[in-house]
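In case you want the letters, here they are:
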Amino acid sequence: AQSVSQHNHHVILSEAASLELGCNYSYGGTVNLFWYVQYPGQHLQLLLKYFSGDPLVKGIKGFEAEFIKSKFSFNLRKPSVQWSDTAEYFCAVSPLGAGNMLTFGGGTRLMVKP
Amino acid sequence: DTGVSQNPRHKITKRGQNVTFRCDPISEHNRLYWYRQTLGQGPEFLTYFQNEAQLEKSRLLSDRFSAERPKGSFSTLEIQRTEQGDSAMYLCASSLGLRQDTEAFFGQGTRLTVV
């Protein structure tokens, strides 16, 4: 079975700071990788996903993530955060062919101070 | 709003009672997923339907839990003889899956509190 670790449970940044959220997964085979965001009071939304190809994936709102297969990592980055990025961020994986049967990490709560 | 709709949004029930939640997916989506999220944790996969067929069930889904999708459209999740440990947010998601699955869209969830 696969598992996902998000090492930072809470992150506090000032506006314009750079962001990097760590995500490591454990699975012996090929995986699809996802980052979801949940803004306060809203539903989970997909930020970006990696299925194959270029390991540097660009998503919505200026976010990007890099898949490093040798490190089983899929870290999320944004060069300059805004107050509106305050949210909870979830990394998720699914084995190839498993579609949206996702295994989620525990989440990282990001607070951006204005 | 043509997103995934879940009802009710909140449910408080006494231990031992049965509860049923409903999920209406995006209309053309053939795949439907149920997840459970407890406080401070990420969502956990419970079960998956393709059209009306239930194709996967997590071992988290005890025999007190049953899910149906009778006509391949809306789905219900029933919990019998609720326990305090069932208190959680129950999330539904849907996607359009042909040869390869597409993005899953999540509903806002049903928050269950068992007292």
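Before any of the text, the structure's been laid out above.
Structure report, in brief. Source: prediction; values computed, not measured.

## A short note on the sheet that holds strand β7 (residues 65-68) of chain B
Residues and elements named next belong to chain B. With antiparallel pairing, four strands are arranged side by side in an open sheet as β1-β3-β8-β7. Of all the strands in the sheet, the pair left with one neighbour each is β1 (5-7) and β7. Each adjacent strand pair in this sheet contributes to an overall mean axis angle of 15°, direction not counted. Relative to strand β8 (residues 75-79), β7 is paired through four bridges, and the arrangement is antiparallel. Its bridge partner lying in β8, E68 is registered against T76.

## A word on the state of the cysteines
In this structure the tally under the stated criterion is two disulfides over all chains. A disulfide bridge connects C23(A) with C91(A), and the sulfur atoms are separated by 1.9 Å. Its S-S torsion of about -65° marks the bond between C23(A) and C91(A) as left-handed, since a negative value means left-handed. Pair noted here: C23(A) is in the loop between β3 (19-21) and β4 (24-26) and C91(A) is in strand β10 (residues 87-95), with a separation of 68 residues, a long-range link. By relative accessible area, C23(A) is classed as buried at 0%. With a relative accessible area of 0%, C91(A) lands in the buried category. Put simply, C23(B) and C92(B) are joined by a disulfide, and their sulfur atoms are 1.9 Å apart. Its S-S torsion of approximately -70° makes the covalent link between C23(B) and C92(B) left-handed. Pair noted here: C23(B) is in strand β3 (residues 19-24) and C92(B) is in strand β9 (residues 88-95), with a separation of 69 residues, a long-range link. The pair formed by C23(B) and C92(B) is uniform in burial state, with each residue classed as buried.

## With respect to the nonpolar core
With 28 residues, the main nonpolar core has L33(A), W35(A), L47(A), L48(A), F74(A), L76(A) and Y89(A) as its most contacted residues. Apart from the residues within four sequence positions on either side, L47(A) is in contact with W35(A), Y36(A), V37(A), G59(A), I60(A), F63(A), L76(A) and Y89(A).

## Remarks on the pattern of salt bridges
Where charged atoms from two side chains of opposite charge come close, those side chains can pair. Counted under the stated rule, the structure contains eight salt bridges over all chains. We note a salt bridge from D86(B) to R64(B), for which the minimum N-O separation is 2.8 Å. Within this pair, whereas D86(B) is found in the loop between β8 and β9, its partner R64(B) is found in the loop between β6 (53-57) and β7, the two being separated by 22 residues in sequence. The exposure classification of D86(B) matches that of R64(B), with both residues buried. Within the structure, one salt-bridge network assembled from shared partners comprises K58(A), E64(A), E66(A) and R77(A).

## Remarks on the interface of chain A and chain B
Listed as interface residues are 17 residues of chain A and, on the opposing side, 20 residues of chain B. When chain A packs against chain B, the two sides together hide about 1500 Å² of surface, and 58% of this comes from carbon and sulfur. Counting across the interface, chain A meets chain B through four residue pairs in polar contact (both at pLDDT 80 or more). At the level of secondary structure, the elements contributing two or more residues to the side of chain A that touches chain B comprise β5 (31-38) and β6 (45-50) of chain A. Split into classes, the residues belonging to the side of chain A that touches chain B amount to eight nonpolar, eight polar and one charged.

## Let's talk about the pairing of β9(B)
Here is the key point about a regular strand: its side chains alternate between the two faces of the sheet. All names here are of chain B. Here β9 lies mainly inside the structure; eight of its eight residues are buried. The alternating pattern of β9 places A88, Y90, C92 and S94 on one face and M89, L91, A93 and S95 on the opposite face, and all of these are buried. With three bridges joining them, β9 and strand β11 (residues 110-114) adopt antiparallel strand pairing. Looking at β11, one finds that A88 is bridged to L112. Where β9 lies against strand β10 (residues 105-106), two bridges are found, and the strand directions are antiparallel. Bridging from a neighbouring strand, A93 pairs with F106 of β10.

Rules and cut-offs
Residues numbered from 1 in each chain as written. Chains lettered and ligands numbered in written order. Predicted model: local features only at pLDDT ≥ 70, side-chain atom pairs only at ≥ 80, totals over all residues. Heavy atoms only, no water. Pairing = 2+ DSSP bridges. Helix = DSSP H or I, 4+ residues; strand = E, 2+ residues; numbered from the N terminus. Axes fitted to C-alpha atoms, helices over the stretch in contact; angles between N-to-C directions. Disulfide = S-S within 2.5 Å. Buried < 20%, exposed > 50% of the residue type's maximum accessible area, 1.4 Å probe, protein only. Core = buried A, V, L, I, M, F, W, Y, C linked by side-chain atoms within 4.5 Å. Contact = heavy atoms within 4.5 Å. Salt bridge = Lys/Arg side-chain N within 4 Å of Asp/Glu carboxyl O. Buried area = accessible area lost by both parts, 1.4 Å probe. Polar contact = N/O pair within 3.5 Å; in protein donor to acceptor, adjacent residues only side chain to side chain. Nonpolar A, V, L, I, M, F, W, Y, C, P; charged D, E, K, R; others polar.

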